[in-house]
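Coordinate inspection notes
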Amino acid sequence: MPLNSSDGNRTTSAFTSKLTPAADICVGLAIFSIALLSVMGNGLVLVICYLRRKKMVGSELLCVNLAVVDFLSCICFYPLAILSSFHHAWLGENITCVYYGFGCYIFGLCGMFTITAISIIRYLKTCYSLAYAVWLKGTNIRLLCCAIWLVATVWSSFPLFGWGEYVPEPYGLSCTIAWQGYHTSAKDAFYVICSFACFTLVPVLLIVVSQCRILYKVSRFSYLLSARGIRNNLRRAEKRLSMMFFCISLGFVIAWAPYAVVSFLFIFHKEHRYMAPEGFVFPALFAKSSHIYNPFIYFYFNKTFQRELHRLLLSTYHKLGGNRVGVHVTTAHQAPYSAPGTRIQPKNKLGSSQGGTQSKHKRKVLQSSNNHDRLVYTCWGSTSKKASTISNNKPARASMPISI
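Fair warning: this is a prediction, and the values are worked out from it, not measured in the lab.

Within the largest apolar cluster, 75 residues are counted, with the highest numbers of intra-cluster contacts made by W90, Y100, M244, I248 and Y298. Of the residues forming this core, the biggest block, 13 residues, is contributed by helix α5 (residues 93-127).

Quick look at the state of the cysteines now. In total, this model carries one disulfide according to the counting rule given. Two residues, C97 and C175, share a disulfide whose sulfurs are 2.1 Å apart. Across the disulfide from C97 to C175, rotation about the S-S bond amounts to roughly -120°, and the bridge is consequently left-handed. Residue C97 is found in helix α5, and its partner C175 is found in strand β2 (residues 175-177); the two are separated by 78 residues along the sequence. We classify C97 as buried; its relative accessible area is 0%. For C146, which is in no disulfide, the shortest distance to another cysteine sulfur is to C145 and amounts to 6.9 Å.

Helix-helix packing is characterised by the crossing angle of the two axes and by the distance between the axes. Between helix α3 (residues 60-76) and α5, the least distance of the axes is 9 Å, while the angle of their chain directions is 160°. One element, α3, and the other, α5, form an angle in the roughly antiparallel class. Here α3 runs over α5; the crossing is left-handed. Taking contact as the criterion, the partners of L62, N65, L66, V69, L72, S73 and C76 in α3 are, on α5, Y99, F107, C110, G111, T114, I115, A117, I118 and I121. Looking at side-chain class alone, the contact of α3 with α5 contains 12 nonpolar, four polar and no charged residues.

Moving on to the environment of R213. Examined against the element boundaries, R213 turns out to sit in helix α8 (residues 186-227). Separated by 91 residues in sequence, R213 and R122 have C-alpha atoms that sit 9.9 Å apart.

Okay, the confidence of the model for the protein chain next. Mean pLDDT for the protein chain: 77, with 71% of residues reaching 70 or above. Within the protein chain, the lowest mean pLDDT, 40, falls on helix α14 (residues 385-393), and the highest, 95, falls on helix α4 (residues 78-87). Counting interchain partners and residues more than four positions distant, the pLDDT-below-50 stretch residues 1-12 has 15 contacts.

This paragraph deals with the packing of aromatic side chains. Evaluation of the coordinates by the stated rule reveals 19 aromatic pairs. Here the aromatic cluster, defined as three or more aromatic residues joined through ring pairs, consists of F77, W90, Y99, Y100, F107 and W149. Note that R53 overlies the ring of Y50, its terminal NZ or CZ placed 4.1 Å from the centroid.

Here the focus is the pattern of salt bridges. Within the structure shown, the criterion is met by two salt bridges. Across the pair E60 and R52 runs a salt bridge, and its minimum N-O distance is 2.8 Å. There is no split in this pair, since E60 and R52 are both buried. Where E308 meets R311, a salt bridge forms, and the shortest distance between an N and an O atom there is 3.6 Å. Of this pair, E308 and R311 both sit in helix α12 (residues 303-319), separated by three residues, roughly a single helical turn.

Parameters at a glance
Residues numbered from 1 in each chain as written. Predicted model: local features only at pLDDT ≥ 70, side-chain atom pairs only at ≥ 80, totals over all residues. Heavy atoms only, no water. Core = buried A, V, L, I, M, F, W, Y, C linked by side-chain atoms within 4.5 Å. Buried < 20%, exposed > 50% of the residue type's maximum accessible area, 1.4 Å probe, protein only. Helix = DSSP H or I, 4+ residues; strand = E, 2+ residues; numbered from the N terminus. Disulfide = S-S within 2.5 Å. Axes fitted to C-alpha atoms, helices over the stretch in contact; angles between N-to-C directions. Parallel < 35°, antiparallel > 145°, perpendicular 65-115°, else oblique. Left-handed = near helix turned anticlockwise from the far one by under 90°. Contact = heavy atoms within 4.5 Å. Nonpolar A, V, L, I, M, F, W, Y, C, P; charged D, E, K, R; others polar. pLDDT = per-residue confidence, 0-100. Phe/Tyr/Trp six-rings, centres within 6.5 Å; stacked < 30°, edge-to-face > 60°. Lys NZ or Arg CZ within 6 Å of the ring centre and 35° of its normal. Salt bridge = Lys/Arg side-chain N within 4 Å of Asp/Glu carboxyl O.

Have a look at this one:
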């Protein structure tokens, strides 16, 4: 990171925005929009996963882990970047810069490792189902999630002990790894090269190769079934799942590719003329947009998420009092209700009432007694015991768990 040689001007030059005030406001609004959409989308995913936690399979924990990464990133770190953009300078200077860089690097690595794990597991399930059934069970998936967080935390903590450094980015409104540490010392060069090669390039290659192999396998299997004239619903479900995880992986790689390329170029060049501050803004914002893709992909491709979201919205609507009208069913043996102090009109010999209102009520009672075996459907919020018994005896629709 090019800074002024004077120590007194170091803080001012590094943590001050290099953009115009109007550009700072645009950056702040963009990050705010990304954070808001991510919190809403990933929050819904987490709520739905919690509601169906008893039906979840072990491999779904990776999807939950990815939603947690995206949700916490926007809650814990992005508000600081938004306030700094509106303030036209990084708030808190070095302390908050280390906090922001350290946290974002942990969550970035967790997201990368989680999508890599999803791609590899999908590949093993598609091509080597026996290995998937034996080794990739619920307990092993939990251990894998813990290992992802452990490796990401350990590797991200090295700059705190002198291997690398967290510094402001060239435009001054964010903090990250000091990619130009490649030129300062052997330890920093080792950390930067390993960060790029082992924790960026290798995971991306694994994701791309795994997804390509999965698409080839599923397409070939579908072609063989179609050639034999076989229609299989499982084939369609498998294709939808394959496309869903392919879009998740592709979206993540596309979102982070420009930032990785810019950072790689910045490693080997010291001069300002190779990389203007504005050249980092758009790749950084595009990388942050990766937090909002996954919920939309889940709800578009996965029928289970669509059903659970529909049920969640309906239950929330009724809990808020959207439908408080109930249908009260009157049976034949119940006496008609009369207010205190009123007199019921006597009947004539033909069984009809003397009043028009009483005649209408009598016809309703006779109709209910003749059709007492017919099903009674009540509105939401009804307190009819018969309706509740019928609804309880009705079999519930089984929901298909997500299969990774």
